[in-house]
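Observations on the three-dimensional arrangement
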Amino acid sequence: MAYEIKLDIFEGPLDLLLYLIKKNEIDIYDIPIALITEQYLEHVEIMKSLNLDLAGEYLVLAATLLHIKSKMLLPVPEDEESDDDEDPREMLVRQLLEYQAFKEAALNLDKMSVLGRDVFSRGYSPKEEEGEEEIPIREVGIFELVEAFRNAVSEAGNEELMEIDAEKISLSETINQIMDELNTKKMLSFTDLLGGLESKTRIIYTFLAILELMKMRVIRAYQAVSYGPIRICLAVGE
Amino acid sequence: MDNVKAIVEALIFVSDLPVSIDKIKEVLGEEVDKKEIAEVLATIKQEYEVRRGGVFLKEIAGGYQFRTGEDVAPWIKKMKAIKPLTLSPAAMETLAVVVYRQPIMKSDIEQVRGVDVSGVLRGLLEKNLVRMVGRKDVPGRPIIYGTTRKFLEVFNLRDLTDLPSLKEIEE
């Protein structure tokens, strides 16, 4: 069953890179290229396997990272007085810093007193503001979800079960299961939902179901602290 | 004219959009000059601030408009069931780049963000937060973009200098 998620919920390859740098508590001026490249490629692979419509830009940055990595492996001739003895990472760092500055600026913009949200005026007509539905990803970013998904997959173990018959799972059935659970328990953690599952197919379907429910604004995902457990509850009370 | 203050206040009160000093001058005619209008506006603004009520006189997009205080927002939303303009993080980032780098070409926005911005840019154009301001005089004559008056209105700004400055980036 083909299930596609539009790419515009991602902020792009630079955002993924910044996320990894933050997560690993790395000094942006001294990025351990090998480590970051490895983690970056890992995330790209997961996004691919999730059938997220992966933009070419992610692969371009992957190529750039690999290029920098290979450059840093080459010995620098000491006697040669050359102009290009600059750190191969410099360009990337500059780009990251610039991107980060604008990311911050975007957050600051969001903190302004927005008309129709924080302040109101006469004649403010909400009708014209009714744009297309946006996917609520403010509470937990897609990367955190992917990260949690990755953990669930790796915890599922490599135990290969003998295949007797392809498991028949439907997305709507999975959605209904999650809704049933939420109706009785009110709040579930991401690991509650994915942890007990043994087959990767089931994990993937559960993950897709969560994304779909978030898109429909039926459920919300919260996180108390960064990298903390992700909790899921119904968007509307009762 | 001895009731200039009352007239000015009323003019702003009935307007849906921010009212500029020029517009007020146009209505009041020759008798009152812009300096006096500006003074009157400052007095009204001051009065509302001292009063600390639910409404304030704000300088928005080169004009004056009454706007509610932030602390009453929850109740207004409850009454009017307004769905505020929501922008995705991608749209906010794109908007931020346009705000601080305008006039800017699409390719330059993409350079900063590292992704294709066609879709988000179209969304911002549709929401009238960004507009095409012209074409750059280079081969291909690419379109350049800038922010709109509506952007200032939505983000509660007098003008672009009202924005916090972008964290300096070392070149």
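Here is what the cut-offs are and how they apply
- Position numbers for residues count from 1 along each chain, tracking the sequence in the order it is written.
- Here every chain gets a letter starting at A, and every ligand a number starting at 1, in the order they are written.
- Note on the predicted model: pLDDT of at least 70 is required for a residue's local features to be given, and 80 or more for side-chain atom pairs to be given and counted; whole-chain, interface and lining totals, by contrast, use all residues.
- Hydrogens are left out, water is left out, and the side-chain values use all remaining heavy atoms of the structure.
- Pairing between strands is defined by DSSP: at least two bridges between the two strands are required.
- Secondary structure elements follow DSSP: runs of H or I no shorter than four residues count as helices, runs of E no shorter than two count as strands, and numbering proceeds from the N terminus.
- Buried residues of nine kinds, namely Ala, Val, Leu, Ile, Met, Phe, Trp, Tyr and Cys, make up a nonpolar core once their side-chain atoms join them within 4.5 Å.
- Partly exposed residues are those whose accessible area sits between 20% and 50% of the maximum for their type, while under 20% is buried and over 50% is exposed, using a 1.4 Å probe and protein chains only.
- Segmentation into domains, and thus their bounds, comes from an automatic or database assignment.
- Pairs of residues are marked as contacts when any of their non-hydrogen atoms sit within 4.5 Å.
- Axis definition: a line fitted to C-alpha atoms, over the contacting stretch in the case of helices. Angles run 0 to 180 degrees between N-to-C directions.
- Between 65 and 115 degrees an angle is taken as roughly perpendicular, under 35 as roughly parallel, over 145 as roughly antiparallel, and anywhere else as oblique.
- As a working rule, the residues Ala, Val, Leu, Ile, Met, Phe, Trp, Tyr, Cys and Pro are called nonpolar, Asp, Glu, Lys and Arg charged, and the rest polar, with Gly in that last group.
- As a working definition, buried area equals the accessible area (1.4 Å probe) given up by two parts on being put together, with both sides summed.
- We count a salt bridge whenever a side-chain nitrogen from Lys or Arg sits within 4 Å of a carboxyl oxygen from Asp or Glu.
- Here a polar contact means two N or O atoms within 3.5 Å. Within protein one must be a hydrogen donor candidate and the other an acceptor candidate, and residues neighboring in sequence count only if both atoms are side-chain atoms.

Brief notes about the pairing of strand 2 (residues 219-223) of chain A
Regular strands place side chains that alternate from one sheet face to the opposite one. Here five bridges tie strand 2 of chain A to strand 3 (residues 230-234) of chain A, and the two strands are oriented antiparallel to one another. From the neighbouring strand, A:Tyr222 faces strand 3 of chain A, where its bridge partner is A:Arg231.

Brief notes about the nonpolar core
Residue and element names in this part refer to chain A. Counting residues in each nonpolar core, the largest one holds 60 residues, and the members touching the most others are Leu16, Tyr40, Leu96, Phe190 and Ile219. Top element by residues in this core is helix 8 (residues 200-215). It accounts for nine residues. Taken together, domain 1 (10-75 + 88-111) and domain 2 (139-160 + 168-238) each give at least three residues to this core, which thus spans both. Residues within four places of Ile219 in sequence aside, it is in contact with Met179, Leu182, Ile210, Leu213, Met214, Ile232, Cys233, Leu234 and Ala235.

Brief notes about the packing of helix 1 (residues 4-14) of chain B against helix 3 (residues 34-51) of chain B
Residues and elements named next belong to chain B. Relative to each other, helix 1 and helix 3 sit at 70°, their axes nearing to 10 Å. One element, helix 1, and the other, helix 3, form an angle in the roughly perpendicular class. Residues Val4, Lys5, Val8, Glu9 and Ile12 of helix 1 pack against Glu36, Val40, Leu41, Thr43, Ile44, Glu47 and Tyr48 of helix 3. Tallied by class, the residues present in the contact of helix 1 with helix 3 amount to seven nonpolar, one polar and four charged.

Side note on the interface of chain B and chain A
Facing the 51 residues of chain B at the interface are 41 residues of chain A. For the pair chain B and chain A, the summed buried surface comes to about 4200 Å²; carbon and sulfur atoms form 59% of the total. At the boundary of chain B with chain A, the tally comes to one salt bridge. A salt bridge links A:Glu98 to B:Arg101; the shortest N-O distance between them is 3.0 Å. Our count for the chain B to chain A interface comes out at ten residue pairs in polar contact (both at pLDDT 80 or more). Every element with two or more residues in the side of chain B that touches chain A is listed here: helix 1, strand 2 (63-68), helix 4 (73-80), helix 5 (89-101), helix 6 (106-113) and helix 8 (149-154) of chain B. Counting residues per element, the side of chain B that touches chain A draws most heavily on helix 5 of chain B, at ten residues. Across the side of chain B that touches chain A, the residue classes break down as 27 nonpolar, nine polar and 15 charged.

Considerations on the sheet that holds strand 1 (residues 187-189) of chain A
All names here are of chain A. Strand order in the open sheet made by the three strands is 1-3-2, with antiparallel pairing throughout. Each edge of the sheet is formed by a strand with only one pairing partner; in this case those strands are strand 1 and strand 2. Strand-to-strand twist in this sheet, taken as the mean axis angle between neighbours without regard to direction, amounts to 30°.

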